[in-house]
Structures are given as structure tokens and as C-alpha cells.
Amino acid sequence: MRAAVMGSPIGHSLSPCLHRAAYAAMGLAGWSYEAVECDEASLPATLRGLRPVRGGRPGADGEPVDAWAGLSLTMPLKRAVLPLLDTVSDLAVEVGGANTVVFRDGAAHGDNTDVYGIEQALTEAGVPAPRTATVLGGGATAASTLAALRGLGVHGVTLLVRDPARAGETVEVADRLGVAIEVETLDKLTARLQVDLVVSTLPGGAADAHADLLAGVPALFDVIYSPWPTRAAAAVREAGGTVVGGFAMLLHQAVRQVELMTGRSDVPVAAMRAAGEAELLSRATRTG
């Protein structure tokens, strides 16, 4: 069985390390997982070229042919994949994005495990159920964050973005989720920090520019996982706040993906965590 993570750029992805560790611990010797560079323009043809069946079909020589179990999708494919799928889970429809494709019974099924990953990351870190939250950024991860916050009991969120005109899709997600949302520009951050939780979905450590302002918040979830800690995360931690990093989210969403792709519930979280942490340490050592 084959699986892969697709996106662009994809070279930095930690998913192969996590999934391969799971396969090894689960004794899935015939499974493979790779990273495939794929942008929105090439996605339709790439999906058509995969074998959407579970198990192998015998080849001409009687040997089984490799089949695709599923895909992990990262940016910019989570929203673009939706019209290309045979079925989509209710959650993926609500958040407007699928980060997971499972091939089953000759069809491609889309799902979203980012929401689960966010919920598990916050719970694991001991973040108490927040009543109020501010989310930085308005992309696909922000949309999944809204669903996770709804699951934790938050029904009103402030969304801070660079350009409110580009946050339309995320506002539509909030409407579908029944989450009240107020959109402001990032320069209004100071007035929007009297909350239980701040979630930064900004790319590339962009929240670091606001580290001094964020230092006083009770809890910060920064979706960046490398390099870690970000300056924003370090500032919150030094001030006594609770910090959650992107690795925990990535780990737990991958755990759920392995469950969906293999059909098994005995996914080795500890083995995946250890493999991911070792890889991050190795990368930090090489770049340092």
C-alpha cells in the first residue's frame, strides 16, 4: 500500500517521518509513504493518475499491484481538492478544506484531521476550555481552528488578518459552524488580547513581530513547529503563560490520518512522537 503527502513546497514536511514510524511500529512492512511536490494546477491530473483502490489488483504476472491507501494534503491543496473528490466528510465541508484523502471502494473520500489535531494539542497541553479566543490569520488552518474552538465550547472569535477582504472564505466557515466572528486588521492586536487563548496561524514565525504584545496572554497556540520555540512562544512562556506548538497538532492529525488510511485504531502515538522529535532535533543541529 502506498501513501504520500502532497503540497508545494513539500520538502520540509515532517509527515513522512511520522507516518513511516507508525507503519514500522504497526508491522506494516508493505506500506510506503513519500513526499510529492504538487501545486493546484497539477492536482487534478495527479489524482487521476493514482490507483483509487484498497489492496492490490493482480498484475499480468499474477503479482499484486501497488495501490494507494491515501494522501495527506498541505497548502495550497486543502481547499482545491474538494471538487475533485467523490465524497467529503461533513466536517471537511464545514471547514471548507480536506487535509486527508482516503481511497476506498474505488472512490476518493475527503476528510479533515486538522481539527482533531488542534483539539488534541490544546487538551494535551492542559489548556483549560477557553471562553474567548483571538485567531491570527485567515487561511485554511484558521478555518480548522474555528471548528476546534467550537468543539471546545467557544462560540465567538476575533479574527485578525492583514487584509479583511481576503478573509471571506473563513468568515463563511464561521457562519456554517455557528461561530460568531469579528474580523479586524492585525494592527488592532493590542485591543484584542483580553482573551483566554490566542491562536497564531500566521506562516513562518510572523507572530514573532508581535512577541512583546503577546507575552501577557494566558495561553498561546502557535502552529509553527520549526524552528521552535518561536520568539512569540518564548515570550509567553517566560511570562508564565501556557504555550502549545505546532508539532503537537501535526502529530495528532497524523495519528488520525493513519487510523483512517489503515483502518486500525492501534496507532503508536509514542513512536510517532519520538520519531518526529528526533527528526526536528536533527534538522536543528544541521541548520545550527
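Residues numbered from 1 in each chain as written. Predicted model: local features only at pLDDT ≥ 70, side-chain atom pairs only at ≥ 80, totals over all residues. Heavy atoms only, no water.

Engineer: Summarise the overall build of the protein; cite the residues concerned and give the values.
Structural biologist: Counting its secondary structure elements, the protein contains ten helices and twelve strands. Compactness check: the protein gives a C-alpha radius of gyration of 19 Å against a globular reference of 19 Å for 288 residues, within 12% of the reference. Reported as C-alpha extents along the three principal axes, the dimensions of the protein are approximately 70 × 40 × 30 Å. In the protein, buried positions account for 50% of the 288 residues. Counting contacts in the protein only where the partners sit at least 6 residues apart, residues at least 24 apart contribute 62% of the total. Put simply, the protein shows about 12600 Å² of open surface, and 51% of that area lies on carbon and sulfur atoms. (Helix = DSSP H or I, 4+ residues; strand = E, 2+ residues; numbered from the N terminus. Rg over C-alpha atoms; globule rule 2.2 N^0.38 Å. Buried < 20%, exposed > 50% of the residue type's maximum accessible area, 1.4 Å probe, protein only. Contact = heavy atoms within 4.5 Å. Areas by Shrake-Rupley, 256 points an atom, 1.4 Å probe, with all protein chains shown as cover.)

Engineer: I'd like a description of the environment of Leu28, backed by residues and values.
Structural biologist: Along the chain, Leu28 falls in the loop between α1 (15-26) and β2 (32-37). On the accessibility criterion, Leu28 (16% relative accessible area) is buried. Separated by 194 residues in the primary sequence, Leu28 and Asp222 place their C-alpha atoms 33 Å from one another. Those residues in contact with Leu28, other than ones at most four positions away along the chain, are Tyr23, Thr262 and Arg264.

Engineer: Describe the packing of aromatic side chains, with residues and values.
Structural biologist: In total, this model carries two aromatic pairs according to the counting rule given. An aromatic cluster of at least three residues, connected via ring pairs, comprises Tyr23, Trp31 and Tyr33. (Phe/Tyr/Trp six-rings, centres within 6.5 Å; stacked < 30°, edge-to-face > 60°.)

Engineer: How would you explain the sheet that holds strand β7 (residues 133-136) if you had to name every residue and give the values?
Structural biologist: Taken in spatial order, the six strands of this open sheet run β9-β8-β7-β10-β11-β12, and their pairing is parallel. Of all strands in the sheet, those with a lone pairing partner are β9 (180-185) and β12 (242-245), marking the two edges. Within this sheet the neighbouring strands show an average axis-to-axis angle of 20°, counted without direction. Two strands pair when backbone bridges link them, and strand β10 (residues 197-200) and strand β11 (residues 219-222) are joined in this way by three bridges, in the parallel orientation. Bridge assignment links Val198 to a residue of β11, and that residue is Leu220. (Pairing = 2+ DSSP bridges. Axes fitted to C-alpha atoms, helices over the stretch in contact; angles between N-to-C directions.)

Engineer: So what's going on with the sheet that holds strand β4 (residues 87-88)? Which residues, and what values?
Structural biologist: Adjacent strands of a sheet form backbone hydrogen bonds with each other and so pair up, either parallel or antiparallel. Spatial ordering of the open sheet is given by β2-β1-β3-β5-β6-β4, a layout of six strands whose pairing is mixed. Every other strand in the sheet has two partners, leaving β2 and β4 as the edge strands with one partner each. Sheet strands touched by α1: β1 (2-7), β2 and β3 (68-73). Its angle to β2, the strand with the most contacts, is close to 165°. Seen against the sheet, helix α9 (residues 246-262) touches β1, β3, β5 (100-104) and β6 (107-111) and runs at an angle of roughly 15° to β5.

Engineer: Give a detailed account of the confidence of the model for the protein, specifying residues and quantitative values.
Structural biologist: The pLDDT averaged across the protein works out to 93; a share of 94% of its residues lies at or above 70. Between residues 53-64, whose pLDDT stays under 50, and residues either more than four places distant or in other chains, the model counts 25 contacts. (pLDDT = per-residue confidence, 0-100.)

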